[in-house]
Amino acid sequence: QVQLVESGGGLVQAGGSLRLSCTVSGRTFSRYAMGWFRQTPGKEREFVAAITWSGGSTYYADSVKGRFTISRDNAKNTVYLQMNSLKFEDTAVYYCAIRRIAYYSGGSYSNNLHYDYWGQGTQVTVSS
C-alpha cells in the first residue's frame, strides 16, 4: 500500500520560512516524479511545484517561483518543499503527491490527474 506522510507545516510570520517534508512508502520512490499542491477552503486544489523522478528538472507555479524550492532525497524516499519569503496568501493545506507512471515525463506536471496517491495534508498558516 502506497503511503505519503507530510510534515513541517505550522504557523509563521510573513517573510519567514518553512520546510515541508513528504516521505513515501510502498512504491519505489526513485522511479516517480513528485508534486506539491495546496488548497484553501472553497477553492480548487492548485499546483505548487513538481520534480522529475531523477531530480533533474523542477517546475513551479508562477506565484511561488523564486521563493519556493522543491528537492528530493531518493535515499530517504523523501521530497521537500523549502518555502522562503512566505506571504499571507501562501496560507493553505499543502499536499504532496506521487505520479501514476514510473519514469514518465509526459503530460503536465501541474495536472493533478497525473498523480494517483496523496498525503493527508499539512497546514501552513502565514500571519500578516
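Here, the structure is the one placed above.
Rules behind the numbers
- One numbering rule holds for all chains: residues counted from 1, following each sequence as written.
- Since the coordinates come from a predicted model, pLDDT governs what is reported: local features require at least 70, and pairs of side-chain atoms require 80 or more to be given and counted, while whole-chain, interface and lining totals use all residues.
- To obtain the side-chain values, all non-hydrogen atoms of the structure were used and water was disregarded.
- Strand pairing is assigned whenever DSSP identifies at least 2 bridges connecting the two strands.
- Think of it this way: any DSSP run of H or I at least four residues long counts as a helix, any run of E at least two long counts as a strand, and we number them from the N terminus.
- Here, axes are lines fitted to C-alpha atoms. For helices the fit covers the stretch in contact, and angles between N-to-C directions go from 0 to 180 degrees.
- Each residue gets one of three labels from its accessible area relative to the maximum for its type: buried under 20%, exposed over 50%, partly exposed in between, using a 1.4 Å probe on protein chains only.

(A) Geometry of the sheet that holds strand E1 (residues 3–7). With antiparallel pairing, the 4 strands of this open sheet are ordered in space as E1-E3-E8-E7. Each having just a single partner strand, E1 and strand E7 (68–73) make up the two edges of the open sheet. Sheet twist, expressed as the average angle between the axes of neighbouring strands with direction ignored, equals 15 degrees.

(B) How the structure looks around unusual backbone geometry. With a phi angle near 50 degrees, Ser85 is a residue other than glycine that sits in the positive phi range. The residue Ser85 is located in the loop between strand E8 (78–83) and strand E9 (92–99) in this model. For Ser85, a relative accessible area of 43% translates into the label partly exposed. Within the chain, Tyr103 stands out as a residue other than glycine whose phi angle is a positive 60 degrees. Among the structural elements, Tyr103 can be located in the loop between E9 and strand E10 (115–118). Here Tyr103 falls in the partly exposed class, since its relative accessible area comes to 46%.

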